[in-house]
Amino acid sequence: MLENNLNSPEIVTYHRAIESGQSTVFADIYQDGTNISIWQRDLSMALQHDLAALMKSGRALRSAMTVSPQNAEAAINELLGCGNQHHALSKDIAELVDMFCVLF
């Protein structure tokens, strides 16, 4: 959807979301007019288990950290404070970090 900004007619605002079941959808953010790319995916049973256990624990997690693809998994494990208990979760987050580092 394309609309003119009422405050400044020379500015054009684009509203478009691209959604896919493939992780390659993230690269579509560079298409003209695209505001968001959404990866619709099924979570592995191990990841679902880790997320359920984390939610059940009642721990409120809030963190800001600078990581790289090389240290993200270890940093998340340290944040969770549980060694390899939530290995699928920390591995998944590390893979997402790697994808975003490649894109940006």
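Everything numeric here is computed off the predicted structure, so don't read it as measured data.

What follows covers the packing of helix α2 (residues 72–80) against helix α3 (residues 87–103). Two elements in contact, α2 and α3, have axes whose closest approach is 8 Å; the angle formed by their N-to-C orientations is 140°. Overall, the two elements α2 and α3 adopt an arrangement that is oblique. Seen along the crossing, α2 lies across α3 with a hand that is right-handed. Facing α2, whose interface residues are A72, E73, I76, N77 and L80, α3 presents H87, L89, S90, K91, I93, A94 and V97.

All right, on to helix α1 (residues 45–57) then. Compared with the 18 Å implied by 1.5 Å per residue over 13 residues, the 18 Å span of α1 between its first and last C-alpha is a close match. Those residues of α1 that sit buried are L47, D50 and L54. When α1 is viewed along its axis, its buried side chains cluster within an angular range of 60° and face the same direction. Exposed side of α1, more than 90 degrees from the buried face: M45, H49, M55 and K56 are the residues found there. Of the surrounding elements, those touching the buried residues of α1 are α2 and α3. Looking one or two residues beyond α1, the residue adopting positive phi is G58, at roughly 75°.

Okay, α3 next. Here α3 spans 24 Å end to end across 17 residues, near enough to the 24 Å set by a 1.5 Å rise per residue. Turning to α3, its buried residues number three or more, namely A88, L89, S90, D92, A94, V97 and L103. Buried positions along α3 lie against α1 and α2.

Conventions used here
Residues numbered from 1 in each chain as written. Predicted model: local features only at pLDDT ≥ 70, side-chain atom pairs only at ≥ 80, totals over all residues. Heavy atoms only, no water. Axes fitted to C-alpha atoms, helices over the stretch in contact; angles between N-to-C directions. Helix = DSSP H or I, 4+ residues; strand = E, 2+ residues; numbered from the N terminus. Parallel < 35°, antiparallel > 145°, perpendicular 65-115°, else oblique. Left-handed = near helix turned anticlockwise from the far one by under 90°. Contact = heavy atoms within 4.5 Å. Expected span 1.5 Å × (residues − 1). Buried < 20%, exposed > 50% of the residue type's maximum accessible area, 1.4 Å probe, protein only. Arc of directions from axis to C-beta.

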